[in-house]
Amino acid sequence: MRNQLSSHTISINHDSVTGLANRIAYDDYLTGAYHRWERGFGDTSLALAEIDNLKDINAKYGYQTGDKVLKKIGELFKSSIR
């Protein structure tokens, strides 16, 4: 039961294409990070990116290619930051 709950939590809190945390997860994380910072437990940072022209990529090459672009960007983020 715990494994199922954990699996559902991951699927709810992560983007299905990139595997990156989604807004729900970031909202929870930022609240906790802010409270840790407020208590003096170190600094925190947040990285956001806007993907320019993704709509054009989807229109010209199709959504499968757009998804590949998003996956690659997700891999770059995952390998570059905590």
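Within each chain, residues carry numbers counting from 1 in the order of the written sequence. Under the rules for a predicted model, residues below a pLDDT of 70 receive no local features and side-chain atom pairs below 80 are neither given nor counted, while totals for whole chains, interfaces and linings still include all residues. Neither water nor hydrogens contribute to the side-chain values; these are computed over all heavy atoms in the structure.

A closer look at the side chain of N13
Put simply, DSSP marks the helices as runs of H or I at least four residues long and the strands as runs of E at least two long, and each gets a number from the N terminus on. Structurally, N13 can be placed in helix α1 (residues 2-13). Burial classification: accessible surface area is computed with a 1.4 Å probe over protein chains only, and a residue below 20% of its type maximum counts as buried, one above 50% as exposed, and the rest as partly exposed. According to the relative accessible area criterion, N13 is buried, its value standing at 15%. Residue contacts are counted whenever heavy atoms from the two residues lie within 4.5 Å of one another. When sequence neighbours within four positions are dropped, the list of residues in contact with N13 reads L20, A21, N22, I24 and A25.

Here we look at the environment of D67
Here D67 is to be found in helix α4 (residues 63-80). Linking D67 and L54, residues 13 residues apart in sequence, is a C-alpha distance of 9.4 Å.

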